[in-house]
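# Geometric and topological summary
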Amino acid sequence: MPYIAEVILPVYLKNVFQYAVNDEDIVLLNIGKRVVVPFGKNNKLYTAMVYKIYETQENTQTLKSIHEIIDEIPIINPIQLAFWTWIADYYWCSLGEVMLFALPNHLILHTHTNVIFTEAIQSLDITTLTTKENEIIHFLAKHAPYSFKKLKNEFSEYTIKKLLKKKIIQLDTQLINPFKPHLKTFIFLDWQNLINQFQNNQQVTPSEVISLAIQNTKSENQQKVLLYLLQNEGIEKKYLLHNLQISDSVLKALEKKKWIYQEKHAVDRIQLKKKGKQNVELNSHELEFCNQFIQELLNSTSWSPTVFFHDLGMKRIVFFIEYFKKIISMGKQILFLVPEIAFTDKFVEELYHYFTEELGIYHSRINDNERVEIWYKVFIKEYKIIIGVRSALFLPFTDLGLILVDEEQDANYKQEEKNPKLNIKDAAIYYAKMLNIPIILSTQTPSIETYYHTQQHKYRLVNYLRSPAPKENQIQITDLKTQISLRQSIGLLTDLSYKSIYEQKLKNHISVIFLNRKGYAPRIVCNTCGHVHFCIHCDIALTYYKQSNKLKCHYCGYQEDNIYFCKNCGSNDLSFEGFGTEKIEEQLHTIFPNFVIRRLDSSNFKTKKQLADFLNELHKNNTDIIVGTQLITKLLHFDNVDLIIVLMLDMMLHIPNFRAFEYTYQFLRHIIYELDIPHNPSKKLIIQTRMPNHKIFEFLMKDYASYYHEQILLREELRYPPFSRLIELEILHPKLDVLNQAIHHFNKLLRSAYSEWILGPTYPYVAKLKNYYRIQYLIKIPKKQNSLKVKEHIQKAFNDFLHIERGSHFRLNINVDPK
DNA sequence: AGCACGCCGACT
DNA sequence: GTCGGCGTGCTC
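Residues numbered from 1 in each chain as written. Chains lettered and ligands numbered in written order. Predicted model: local features only at pLDDT ≥ 70, side-chain atom pairs only at ≥ 80, totals over all residues. Heavy atoms only, no water.

Here we take up the protein's contact with DNA strand B. By nearness alone, every residue bordering DNA strand B is listed as Y12, L13, N42 and R811. Counting only atoms of DNA strand B within 4 Å of the protein, the fraction found in sugar and phosphate groups is 50%. N42 is positioned such that a nitrogen or oxygen atom in its side chain is 3.0 Å from a phosphate oxygen of DNA strand B. Here the surface near DNA strand B is composed, by residue class, of two nonpolar, one polar and one charged. (Near = heavy atom within 4 Å. Polar contact = N/O pair within 3.5 Å; in protein donor to acceptor, adjacent residues only side chain to side chain. Nonpolar A, V, L, I, M, F, W, Y, C, P; charged D, E, K, R; others polar.)

This is the structure we're talking about:
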C-alpha cells in the first residue's frame, strides 16, 4: 500500500500538506527530518518538516511526491513537534510559522531560479520573434544563466512568459544550502616529500630533515618558516604570516617545492574570550541557603514550577552556577533563558569561567551561520548550557535537565511583533511539563500572575529576601508641578535633581538620567497651521532624530529625511515638540556647560562592540552625566554611579494598558535592586513626577506583599488576568470606510455568543498601522471556562464574515495573552 | 500570505 | 503588440 507524508511548510497557511512517498524513500523517511517538496503552481521547491507518515488505501497519484530527503537523522524529535503543535493551537498561528521561528534560517534551504536556453535555441529563427522578445534573447545570449527574479525586473514579465511558452527559454531551479562553514587555512610541513628529498639512505630525525632543507634554500624567509613550523606545525596561516612578518609569496614558494602544504578546515565562529577572575562571591550564609535550595529542588518529587523570589542582585548567578554544576554532573543539559542578552555580559563572564567549552550563547546578534553551529553542538551535547533569548527554547536539546527563566516578570518574553505571538516563559513552563523536568522562574519582583500562582500553590515559592528596606532619603520624589509653578526648575530638572547632580560632580561621580524615549522629539508641529507630520503608513507622528537628521516611525520602521517646510502649508516655522534623549542631552549641555555629558540609547549603539567601547571610555574621560533609555541599566553596577534620576515617569504610568502600574513598579524596583540601594546608603534614586502622591511611591518604600495585595484585588474586580484569559482581536483593512461599514456585520456575528465577555469594537490609539486600519476587541474569558470553544467561535464568526464580504482584503489578527 | 492567471483598458 | 492594474482563487 502506498504511503503519505504530512509535512509542515514554512508558509502562512494553517494546514499541513500531504505528499506521496516513493517506495525507495519510505525506509529513509522519518518524522522530524527535513525534506524538499514542490509546492504551488510553479512547483517552487520548499524545505518542509515531516510531521506524520502513514499508509493509505487511497490512490496517491494525484499527490505530488517528495523531491529529496535532506537529513540522515531527524533534527526534531516527536516531543518537540508536539510542542510546536501546542504553540500553533494555543497562540493561533500556523505550524509553518512556528517552524520558521524555531529553526535557524540557514536550516531552511532556499531555492534560486535561473533562466536558461532550451535546445530549441539551436534552430531558432529570430525573424519570427518580436523586437521585445529579441531584446531578451540577445541579453540572455550574453548573460545566461541569469536570475529569473532579476530578469523580471529588467524586462517585461509578459514577454518572458511568451518565450517560456514557446519553449525557447526555460527555468532552472536549484537548491541552495545557505550554511557556509567558516574555513581557515592552516599550514603543515609536507613530511612525505621532505623525507623523500633529503633522506639519503640512513634514518634521519625530523629536525635533521628540516636543517637539510634549510641548507638547500638561500631565502632567509623560507628558512624562518621551516624553523617555525618545526615547532608550530599546523598553525593558522594568518598567525604565521603575522608572527614572522612575511608575505604570502614565501609560502607559495615553499608550497611549489612541496615542502609545505595548506589545508582549509572548518572552525567555530564562536569564540568566547576568557576574562579575568570572577568577582561575585557568596557569604557563608548565602552559600548555606544555596545548598539547601538545591537539595530541596533535587529532592522534590511532584512536578511544579519553582519561583525563586530573591534580592540577590548579580549574586544570583553564583546560586545558579552551583545548581548547574549538579545538573551537569548528572549528565543533563541546561537552558538558561534571559529576556535580553544585552544586559547579561556579567552572567556570560561568570558562566564561562566555570563551564568554558560547555557554554553556548544564543541571541539576536548571533548570525545565521553561527546559529547552525550552535544548533548542531546542542544536538550532539557538546554544549551543556545555553544562555539565550526567546528562540533558544527551540534548540534541539537531547537531554534537557533544567530550564531557568531569569527575570520572569520581564514583558520581553512575550513576542507580539510577529507570529507566533507566544510568551516564551509560559511556553517554557509547558515544555518543562511535557519533559517532566524542573523549571525555575527567577525574579526580584514577581509578576502579579506568577505570584498569584504561588499563593494558589500551583507554583512552589522559594523566598530569599534579606535586604533592609531603602531609607527614606534614598528614594526621593520631586514634584514637577510645584517646581514649575514656582519657576524654580531649571529647564527639565527640579531643584533637587539639579543640586544632586552637582553633588555627584564634586565627588567625581556619574549621574545617570533615564528617559524612556529615543530620538530628539516625538513630533514635528507646524506653528503656522498646526499640522503634525505623520508616518505615511501609520496613523502616528514621526519622531525626529537629530544626530542622523532623519524622521522615523517607531511602529513600522519607515524613515525619511528631515523636513524644513510644512508639507501642508509650506511654512518654515516648525517646532520639535516633546522630549527624547537627544533633546535632553542638548538641554543638559546648556544647564551644565562645563560637564562631560554622554548619551546611551540603542540608536547610537547598534553593535556590542560600540557598547563595550562606550563603557570602557567612561572610566577614561571623566564623564559627569549620562542620559539614556533602558540601556542605562548596564551602568548600575559601576562603582562611581550613585545617582539615578528618572524623568517623565508619568508617561510610563499612563500607557493605556492594565499592566502599566505593574510595569512601572517593576522598573523602579529593578533600579533599586540593581543599583543595590538598600546596602549602600550613599546611593539614591530621584523620581520627577507631577503626581507625587501617587500610591506607587508608597509601595516602593514598603514590601512586595503590600503592592501585590492591592493589585490582585484590582485584577479580580476588573476580571483581568490571572482571573481571566485575554484574547485580543483585530480586524484589519486598508480602507477605513470599508472597515467601518463592514464592522457591523462582524460585530453581530462575533457577539452572537459570549457577548458578555467581549469588549469592543474600539479604535486603537494608533488607528492605522503599516497601511492597515484596525478595529479591536478584547475578550475576557473567565478563568474556569474553556478558551478553545471561544476561539472556535471567533474563527467561525470571522469565516462567516468573510463569506458575506467575499473577496475583500480583511485580515484577522489574534493575540492570545497580550502584554 | 504570496502568486499566477485572466480580463480590461490604454498606449503605440 | 505591449504593459500595468486589479480582482479572484489556490496552495497537498
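So, on to the environment of V378. Assignment of secondary structure puts V378 in helix α15 (residues 368-379). As a C-alpha pair, V378 and D399 span 21 residues in sequence and 9.5 Å in three-dimensional space. Excluding residues within four positions of it along the chain, V378 makes contact with Q333, Y383, I386, L395, P396, F397 and T398. (Helix = DSSP H or I, 4+ residues; strand = E, 2+ residues; numbered from the N terminus. Contact = heavy atoms within 4.5 Å.)

A few words now on the layout of surface pockets. Take a probe with the size of a water molecule and roll it over the atoms, and the empty space left behind shows itself. For the second largest pocket, the calculated volume is near 1,000 Å³. Contributions of two or more residues to the lining of the second largest pocket are made by α2 (78-90), α16 (424-435), α17 (448-455), α23 (660-674) and β30 (724-733). Broken down by element, the lining of the second largest pocket gets its largest block of residues, five residues, from α16. Looking at the lining of the second largest pocket residue by residue, the class counts come to 16 nonpolar, nine polar and 14 charged. (1 Å grid on protein atoms, 1.4 Å probe; cavity = no way out; pocket = protein on both sides within 12 Å on 5 of 7 lines; lining within 4 Å. Points joined across faces, edges and corners; volume = space filled by probe spheres on them.)

A few words on the pattern of salt bridges. Enumeration according to the criterion identifies 33 salt bridges in this entry. Two residues, K377 and E382, come together in a salt bridge whose shortest N-O distance is 3.7 Å. Judged by its relative accessible area of 9%, K377 falls in the buried class. Given a relative accessible area of 39%, E382 falls into the partly exposed group. We note a salt bridge from E730 to R774, for which the minimum N-O separation is 2.7 Å. On the criterion of sequence distance, the pair formed by E730 in strand β30 and R774 in strand β33 (residues 772-782) is long-range, its members being 44 residues apart. Just as E730 is buried, R774 falls in that class too. Through salt bridges with shared partners, a single network forms among E449, R659, E662 and R715. (Salt bridge = Lys/Arg side-chain N within 4 Å of Asp/Glu carboxyl O. Buried < 20%, exposed > 50% of the residue type's maximum accessible area, 1.4 Å probe, protein only.)

It is worth spelling out the protein's contact with DNA strand C at this point. Among the 15 residues in the neighbourhood of DNA strand C, the closest are listed as Q18, F39, K64, T130 and K162. Considering the 4 Å shell around the protein, atoms of DNA strand C inside it are sugar or phosphate in 68% of instances. Q18 is positioned with one of its backbone polar atoms (N or O) 2.3 Å from a sugar or linking oxygen of DNA strand C. Contact distances for DNA strand C include 2.9 Å between a phosphate oxygen and a side-chain N or O atom of T159. Secondary-structure elements contributing two or more residues to the surface near DNA strand C are β2 (17-21), β3 (34-39) and α6 (157-165). Looking at the surface near DNA strand C residue by residue, the classes come out as seven nonpolar, five polar and three charged.

One open sheet holds the three strands; their spatial order is β22-β23-β24, and the pairing between them is antiparallel. Edge positions in the sheet fall to β22 (543-545) and β24 (559-561), since each has one partner strand and no second. When strand polarity is set aside, the average angle formed by the axes of neighbouring strands in this sheet is 30°. Of the pairings in the sheet, the one linking β22 to strand β23 (residues 550-552) comprises three bridges and is antiparallel in character. Opposite T543, over in β23, you have K552 as the bridge partner. (Pairing = 2+ DSSP bridges. Axes fitted to C-alpha atoms, helices over the stretch in contact; angles between N-to-C directions.)

Here we take up the side chain of E662. Summarising the element assignment, E662 is placed in helix α23. Filtering out sequence-adjacent residues up to four positions away, E662 remains in contact with S447, I448, Y707 and R715.

Before going further, it helps to examine the sheet that holds strand β10 (residues 235-236). Taken in spatial order, the three strands make up an open sheet running β10-β9-β11, and their pairing is antiparallel. Bordering the open sheet on either side are β10 and β11 (260-267), each of which pairs with just one other strand. Bridge count for strand β9 (residues 182-189) against β11 is eight bridges, and the pairing is antiparallel. Within β11, the position partnered with H182 by the bridge is V267.

Moving on, we get to unusual backbone geometry. Look at the link from N419 to P420: it is a cis peptide, with omega at -10°. For P420, the location among the structural elements is in the loop between β16 (400-405) and α16. With omega at 10°, the peptide bond leading from P721 into P722 counts as cis. By the secondary structure assignment, P722 is in the loop between α25 (704-717) and β30. The phi torsion at W92 lies on the positive side, around 65°, for a residue other than glycine. Within the secondary structure, W92 is located in the loop between α2 and α3 (95-102). If you check the backbone angles, Q245 has positive phi at about 55° while not being a glycine.

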